[in-house]
Amino acid sequence: MAKSSQKGFGGRIVLFLICFFLGWLGIDKLYMKGSWKIALVKFLLNFLIIGEIWNIYDMICALLGCYKLNPLE
């Protein structure tokens, strides 16, 4: 399970802001050096509203420090 490599509260805030402003594009997955395929899936799921739920989940996990590149793992 890949967790956030950001250490400390400051890194979590940066990741949260990226999720908040650019998460619907999947940029947060690319920022954490994830696969472009996961970013593309997240972007395409936004058209079905499922991606918005995924983005909210990522924002909460970014603040708590348990961010994962793939939430299905």
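Quick look at the structure, then. (Residues numbered from 1 in each chain as written. Predicted model: local features only at pLDDT ≥ 70, side-chain atom pairs only at ≥ 80, totals over all residues. Heavy atoms only, no water.)

Concerning the nonpolar core
Going by this rule: Throughout this description, the term nonpolar core refers to a set of buried Ala, Val, Leu, Ile, Met, Phe, Trp, Tyr and Cys residues connected via side-chain atoms within 4.5 Å. Exposure is judged per residue with a 1.4 Å probe applied to protein chains only, and the accessible area is read against the type maximum: over 50% gives exposed, under 20% gives buried, and values in between give partly exposed. Each helix is a run of H or I in the DSSP string that is no shorter than four residues. Each strand is a run of E no shorter than two, and both are numbered from the N terminus. By definition, residues are in contact when any of their heavy atoms lie within 4.5 Å.
Among the nonpolar cores identified, the biggest contains seven residues, and these are Leu 15, Cys 19, Met 32, Met 59, Ala 62, Tyr 67 and Leu 69. Secondary structure elements with two or more residues in this core: helix H1 (8–22) and helix H4 (50–64). Discounting chain neighbours no more than four positions away, the residues touching Ala 62 are Arg 12, Leu 15, Phe 16 and Tyr 67.

Remarks on the packing of aromatic side chains
Threshold: Between rings of Phe, Tyr and Trp, where Trp is taken as its six-membered ring, a pair exists when centres lie within 6.5 Å; planes separated by under 30 degrees are stacked, by over 60 edge-to-face, and by other angles tilted.
This structure, assessed with the given rule, holds three aromatic pairs. When the ring of Phe 20 is compared with that of Phe 21, the centres are 4.9 Å apart and the planes differ by 90°; the resulting orientation is edge-to-face. Within the aromatic cluster, the residues linked to one another by ring pairs are Phe 16, Phe 20 and Phe 21.

Quick word on the side chain of Asp 28
What counts here: The definition of a polar contact used here is a pair of N or O atoms within 3.5 Å, where within protein one atom must be able to donate a hydrogen and the other to accept one, and adjacent residues in sequence count solely through side-chain atom pairs.
Turning to its location among the elements, Asp 28 is positioned in helix H2 (residues 27–31). For Asp 28, a relative accessible area of 0% translates into the label buried. A polar atom in the side chain of Asp 28 sits 2.8 Å from the side chain of Lys 42. Within polar-contact distance, the side chain of Asp 28 engages the side chain of Tyr 67 at 3.0 Å. Asp 28 has contacts with Ile 18, Cys 19, Gly 23, Lys 42, Asp 58 and Tyr 67, leaving out every residue within four places of it along the chain.

Observations concerning the packing of helix H3 (residues 36–45) against H4
Angle between the axes and distance between the axes are the two parameters that describe a pair of packed helices. Rules: Convention adopted: a line fitted to C-alpha atoms gives each axis, helices being fitted over their contacting stretch, and angles between N-to-C directions are expressed from 0 to 180 degrees. For classification, angles of less than 35 degrees are called roughly parallel, those exceeding 145 degrees roughly antiparallel, those between 65 and 115 degrees roughly perpendicular, and all remaining angles oblique.
The contact between H3 and H4 brings their axes to 6 Å, and the two run at 120°. Classified by the angle their axes make, H3 and H4 are oblique. For the pair formed by H3 and H4, the contact residues are Ile 38, Val 41, Lys 42 and Leu 45 on the first element and Ile 50, Gly 51, Trp 54, Asn 55 and Asp 58 on the second.

Note that every value here comes from positions in space, so none of it alone points to a role or purpose.
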